[in-house]
Amino acid sequence: MNIHKAIKKINADAEFTYKNDDVDTIEWLNNTTPISKEDIEAMIPTVETEIEQEKQAAIDKKASGKQKLKDLG
């Protein structure tokens, strides 16, 4: 899944398929210009960081909502 997000972050219009979360199995579809394995792998840590930030934001939002309910009494 991180491969998918990394590719889409580099080229939102890219069309591709891959197997078993393996960069080496990427097939570029519909004349999509291939993105190098190195560029994809370099983007994965950024994507992973964004995913963790999104998870933390959801946790924070839930906690904030619970606190607001407690404050209301």
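Located above this text is the structure these notes cover.
About the cut-offs
- Residues numbered from 1 in each chain as written.
- Predicted model: local features only at pLDDT ≥ 70, side-chain atom pairs only at ≥ 80, totals over all residues.
- Heavy atoms only, no water.
- Phe/Tyr/Trp six-rings, centres within 6.5 Å; stacked < 30°, edge-to-face > 60°.
- Buried < 20%, exposed > 50% of the residue type's maximum accessible area, 1.4 Å probe, protein only.
- Helix = DSSP H or I, 4+ residues; strand = E, 2+ residues; numbered from the N terminus.
- Expected span 1.5 Å × (residues − 1).
- Bend = angle between axes of the 7 residues up to and from the residue.
- Contact = heavy atoms within 4.5 Å.
- Core = buried A, V, L, I, M, F, W, Y, C linked by side-chain atoms within 4.5 Å.
- Arc of directions from axis to C-beta.

1. Observations concerning the packing of aromatic side chains
1) Next: Evaluation of the coordinates by the stated rule reveals two aromatic pairs.
2) Next: When the centroid spacing of 6.2 Å and the interplanar angle of 15° are considered together, the rings of F16 and Y18 count as stacked.
3) Next: When its relative accessible area of 21% is taken as the criterion, Y18 is described as partly exposed.
4) Next: Centroid distance F16 to W28: 5.8 Å. Interplanar angle 55°. Geometry classified as tilted. With F16 in strand β1 (residues 16–17) and W28 in strand β2 (residues 27–28), this pair connects stretches of sequence that are 12 residues apart.

2. Side note on helix α2 (residues 37–72)
1) Next: With 36 residues, α2 ought to run about 52 Å at 1.5 Å a step, and its terminal C-alpha atoms sit 53 Å apart, in line with that.
2) Next: Maximum bend of α2: about 25°, positioned at I44, with proline P45 one to four residues after it.
3) Next: Among the residues making up α2, those that are buried are I40, M43, I44, V47 and I51.
4) Next: Where α2 is buried, its residues meet α1 (2–10) and β2.

3. Here's the deal with the nonpolar core
1) Next: I3, A6, I7, I26 and I40 are the most contacted members of the largest nonpolar core, which has 13 residues in total.
2) Next: If you list the elements that add at least two residues to this core, you get α1 and α2.
3) Next: Ranked by the residues each element gives to this core, the list is headed by α2, at five residues.
4) Next: Once residues lying within four places of it in the same chain are set aside, the contact partners of I26 are I3, I7, F16, T17, Y18 and I40.

4. Let's talk about α1
1) Next: Every buried residue of α1 is listed here: I3, A6 and I7. For α1, the buried positions fall inside an angular range of 95° around the axis, keeping them on one side.
2) Next: Summarising the contacts, the buried residues of α1 are in contact with β1, β2 and α2.

5. Remarks on the environment of I40
1) Next: Here I40 is to be found in helix α2.
2) Next: C-alpha separation for the pair I40 and N2, spaced 38 residues apart in sequence, amounts to 9.5 Å.

6. What about unusual backbone geometry?
1) Next: You will see that N20, though not glycine, has its phi angle at about 55°, which is positive.
2) Next: In this fold, N20 is placed in the loop between β1 and β2.
3) Next: Its relative accessible area of 79% is what places N20 among the exposed residues.
4) Next: For N30, which is not glycine, the phi torsion reads 50° and is therefore positive.
5) Next: One can find N30 in the loop between β2 and α2.

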